[in-house]
Amino acid sequence: MRLNFSIFIKLLVIQYLSVLCVSEDFDFFYFVQQWPGSYCDTKHSCCYPRTGKPVADFGIHGLWPQNKDGSYPQNCNPDNALDEDQISDLTSSLQKDWPSLSCPSSTGFRFWSHEWEKHGTCAESEEIDQHGYFEAALKLKEKANLLQALRNAGIQPDDEFYDLGSIKEAIKDATGFTPGIECNIDPSKNSQIYQVFMCVDISGSEFIECPAVPKRRCASKVQFPKF
Ligand code: 5GP
Ligand code: 5GP
């Protein structure tokens, strides 16, 4: 009986330690989407994916584990490189919603691998494995249809300048949460809407009010360039 009890205690300790090992070491996620027109303007050029010019929509940049104090973990498991077979059922959705615009042209796999290795490996849990990470990001993009949210407020990619406050308000009206906006400066020195940051709970499924708003610089009026 005494032996059984000591085994039981040992099992409890092992279980406790394993929970500690897989528990997430970050406070929330930034879900970051980019406007392709601004990416291409900042870089003075960009390269369309081998599958062709992406549709004129926000594309996913990444789902980034983040801490409230502004720090963030990165490259947490170099032994866990992205395996194409793990996400084969998601490839066509990723090509559409997470296109890579850097040069030279690619299929997108290099960008997805980079994001998984740099950010995804720091969020690994039972649910957030390679497949779960990309599936979570795709679902979040569907939930927050930024282009529709902006269009509903009369804000569209037509090279016009819009009030930064109205952009944030339009996204808040549609999603319930205030985003962070990052701008870039194009070669004509215009401040353009480049990335939209939304905050997500550590399960990767629910938007939350940002515990720490990403501090990025934008002018009070920003251009929404055509793509
Ligand atoms: P940049 O210097 O262009 O703003 O960021 C370069 C890269 O650093 C980003 O693509 C991202 O991988 C990482 N990064 C920049 N800012 C943040 C941040 O606030 N949180 C996290 N988790 N990663 C960031
Ligand atoms: P970060 O480390 O900033 O999260 O990711 C940026 C890295 O992904 C850079 O090495 C960049 O060249 C590559 N990358 C590939 N495609 C894209 C893209 O469409 N947008 C951005 N922002 N980076 C891309």
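Everything quoted here is computed from the prediction, not taken from an experiment.

Calculation criteria
Residues numbered from 1 in each chain as written. Chains lettered and ligands numbered in written order. Predicted model: local features only at pLDDT ≥ 70, side-chain atom pairs only at ≥ 80, totals over all residues. Heavy atoms only, no water. UniProt positions renumbered as here; feature names shortened; annotations may be inferred. Helix = DSSP H or I, 4+ residues; strand = E, 2+ residues; numbered from the N terminus. Contact = heavy atoms within 4.5 Å. Buried < 20%, exposed > 50% of the residue type's maximum accessible area, 1.4 Å probe, protein only. Polar contact = N/O pair within 3.5 Å; in protein donor to acceptor, adjacent residues only side chain to side chain. Core = buried A, V, L, I, M, F, W, Y, C linked by side-chain atoms within 4.5 Å.

1. Regarding the UniProt feature "active site" (unreviewed entry) in the protein
Point 1. Following the UniProt record, the feature "active site" (unreviewed entry) maps to His61, Glu115 and His119 here. These annotated residues cover 59 residues of sequence, and their C-alpha atoms lie no more than 11.0 Å from one another, placing them together at a single site.
Point 2. Mapping Glu115 onto the fold places it in helix H4 (residues 109-118).
Point 3. If sequence neighbours within four positions are ignored, Glu115 has contacts with His61, Gly62, Trp64, Trp98, Gly120 and Tyr133.
Point 4. For His119, a relative accessible area of 4% puts it in the buried group.
Point 5. Discounting residues that sit within four places of it in the chain, His119 has contacts with Leu63, Trp64, Pro65, His114 and Tyr133.
Point 6. Engagement of the side chain of His119 in a polar contact is seen with the side chain of Trp64, the distance being 3.3 Å.

2. Considering the nonpolar core
Point 1. Counting residues in hydrophobic clusters, the biggest one holds 49 residues, and the most contacted among them are Phe58, Trp98, Trp112, Phe134, Ile167 and Phe224.
Point 2. Take this core: its biggest share by element is six residues, from helix H5 (residues 130-143).
Point 3. Each residue touching Ile167, except ones within four places of it in the same chain, is listed here: Leu150, Ile155, Tyr162, Ile181, Ile193 and Val222.
Point 4. Residues Val32, Trp64, Phe197 and Ala212 belong to the second largest nonpolar core, which totals eight residues.

3. Quick look at unusual backbone geometry
The phi torsion of most residues other than glycine is negative, and most of the peptide bonds are trans.
Point 1. For the bond running from Cys103 to Pro104, omega is -5 degrees, close enough to zero to count as cis.
Point 2. By the element assignment, Pro104 lies in the loop between helix H3 (91-97) and H4.
Point 3. The phi angle at Asn75 is positive, at roughly 45 degrees, despite the residue not being glycine.
Point 4. In this structure, Asn75 sits in the loop between strand S2 (59-66) and H3.
Point 5. Look at Asp159: it is not a glycine, yet its phi comes out positive at around 70 degrees.
Point 6. When you line up the elements, Asp159 lands in the loop between helix H6 (146-152) and strand S3 (161-163).

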